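Each chain is listed here by its residues.
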Amino acid sequence: MSTHSSIITLSVATLIAATAQAASTGQPFYGDAPDATHPWCVHDWNRPQPPRVEPKPLVDAKSPADAVVLFDGTEASLANWEAEKPQGEPTQWVVKDGALLCVPKSGYIRTKSTFSDCQLHVEWAAPTPPQGEGQGRGNSGIFVEGAVECQVLDNYDNPTYADGSACSIYSVCPPLANALRLPGEWQQIDITFRRPVYEGDKLVHPGYATIYCNGILVQDKTQLEGGTGHKGRSLPGPLPEAGPLKLQDHGNPVRFRNIWYRPLPPRVAADDEGIHGPMSEQETAAKRKEIAAMVRAAAAKLPAQSLDQSLRLAESLVYEKDEAIAKSVIALAAKTTADAKQLPADKIESQKNDVKRVWDAMKYLTTFKIIDPSEAAWTELDGIVKSHGWDKH
Ligand code: MG
């Protein structure tokens, strides 16, 4: 425990500013764990929120003369689109007051035409009054090439994990700023998209996206690693030579208008300047150390020896190894099992939540081999939880 206490003392002294930024109220043990070139988990609530920046005023964004117009407010332009499933069927999204309206539960919509490298303009507006919170409020998505999601979300006054904010490259990179207008107002999104180009297994041109939200730069030539998904880390790999533009049905009646793109010429020269690519292993290790210290400093402020404190310390292992903390987490799992075994059948249900919290943490830490999955304390705890069917709900 002495190693562990000295880390906490050091952290409190040096990282007060970082701790103040940390959003610690979200769900830990959720998306993919950090690795050698990514210091944060996917959907990590410890990752700082994008700073608020006031957007520029609404401008007339009529399509330029050489643009391919995908939706211009008319019923006729709805013919450019189809349902994703079953593919080729007419979409159930509707045109209302010059806007393309998502009809919840009708599924994604996709363009009939396909394209790749482009300058893309999309405007969207969230439903008013706002309903739901977090990822449940005004959620949709702009999927370039049908694969890379520029998140659409009403997080005007609605915190969520940073890499799921509006104009994040979902699960990959938070926006540089939150430049949203009020819910119901039109948000103007401009995207420059370049797909990664491979020759065989060799990456010859990195893919990237530059995004402006209401005139504010929010993705600065952010390197793409591949298609994006929920909870999973985007893995480097080729994208198709062309794909449809897809808009997401996430269950919210989000509106769209003024959708157009300009195809960009293929790249001919190596383009390796100014790309915000994956971090080096050294940079990542330093950042992970800093995040672990921030989480441990936050743990130090919780009631000593409490379950909250123990689990917050367990969370810090996700970022950086610490033998003393790992031992204490294993001991916690063993104690949780022993206590649960001693309880009479009519009392055990009252301990379910605490047991499950420890189980959730251990499940994550063993899944990502942060704690050895063959550790007896884990197999016994897992056995207890499964014997009560608590792993199911
Ligand atoms: Mg979405």
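Residues numbered from 1 in each chain as written. Predicted model: local features only at pLDDT ≥ 70, side-chain atom pairs only at ≥ 80, totals over all residues.

Draft legend 1. Broad picture of the pairing of strand β11 (residues 202-205). Two elements, strand β10 (residues 197-199) and β11, share three bridges in a ladder whose sense is antiparallel. The residue bridging Tyr198 from the neighbouring strand is Leu203, located in β11. Here β10 folds back onto β11 in antiparallel fashion, the turn holding two residues, of which Gly200 has a positive phi close to 65 degrees. (Pairing = 2+ DSSP bridges. Helix = DSSP H or I, 4+ residues; strand = E, 2+ residues; numbered from the N terminus.)

Draft legend 2. Local environment of the environment of Phe256. Counting through the fold element by element, Phe256 comes out in strand β15 (residues 255-263). For Phe256, a count of 24 C-beta atoms within 10 Å translates into the label buried. With near-sequence residues (within four places) excluded, Phe256 lies in contact with Phe71, Ala99, Leu100, Val122, Glu123, Trp124 and Leu247. (Buried ≥ 20, exposed ≤ 12 C-beta atoms within 10 Å, placed from the backbone. Contact = placed C-beta atoms within 7 Å.)

Draft legend 3. Up close: the packing of helix α5 (residues 323-342) against helix α7 (residues 352-367). The interhelical angle for the contact between α5 and α7, taken along N-to-C directions, is 145 degrees, at an axis separation of 10 Å. Read as a crossing pair, α5 and α7 show a hand that is left-handed. Of α7, the residues touching α5 (which contributes Leu332, Ala333, Thr336 and Ala340) are Val355, Val358 and Met362. Its residues assigned to classes, the contact of α5 with α7 shows six nonpolar, one polar and no charged. (Axes fitted to C-alpha atoms, helices over the stretch in contact; angles between N-to-C directions. Left-handed = near helix turned anticlockwise from the far one by under 90°. Nonpolar A, V, L, I, M, F, W, Y, C, P; charged D, E, K, R; others polar.)

Draft legend 4. Focus on the environment of Cys102. Topologically, Cys102 is positioned in the loop between β4 (99-101) and β5 (109-111). Sequence spacing of Cys102 and Ser350 is 248 residues, and the spatial spacing of their C-alpha atoms is 43 Å. Among all residues touching Cys102, those that are not within four sequence positions of it are Trp93, Ser140, Asp249, Asn252, Pro253 and Val254.

Draft legend 5. Examining helix α8 (residues 376-387) more closely. End to end, α8 covers 16 Å across twelve residues, agreeing with the expected 16 Å (1.5 Å per residue, within 8%). Turning to α8, its buried residues are Ala377, Trp378, Leu381 and Val385. When α8 is viewed along its axis, its buried side chains cluster within an angular range of 95 degrees and face the same direction. Across from the buried face of α8, at angles greater than 90 degrees, the exposed residues are Ala376, Gly383, Lys386 and Ser387. Residues of α8 that are buried sit in contact with α5 and α7. Positioned one or two residues after α8, Gly389 has a phi angle of 70 degrees, which is positive. (Expected span 1.5 Å × (residues − 1). Arc of directions from axis to C-beta.)

Draft legend 6. Looking closely at α7. The terminal C-alpha atoms of α7, which comprises 16 residues, lie 21 Å apart, in line with the 22 Å expected from a rise of 1.5 Å per residue. Those residues of α7 hidden inside the fold are in contact with α4 (307-316), α5 and α8. In the segment just after α7, Lys369 is the residue with positive phi, at about 55 degrees.

Draft legend 7. Representation of the packing of α7 against α8 in the model. Two elements in contact, α7 and α8, have axes separated by 10 Å at closest approach and are oriented at 130 degrees. Relative to α8, the element α7 is oriented oblique. Classified by chirality, the crossing of α8 by α7 is left-handed. Mapping the contact onto sequence places Val355, Lys356, Val358, Trp359, Met362 and Thr366 in α7 and Trp378, Leu381, Asp382 and Val385 in α8. Taken together, the residues of the contact of α7 with α8 sort by class into seven nonpolar, one polar and two charged. (Parallel < 35°, antiparallel > 145°, perpendicular 65-115°, else oblique.)

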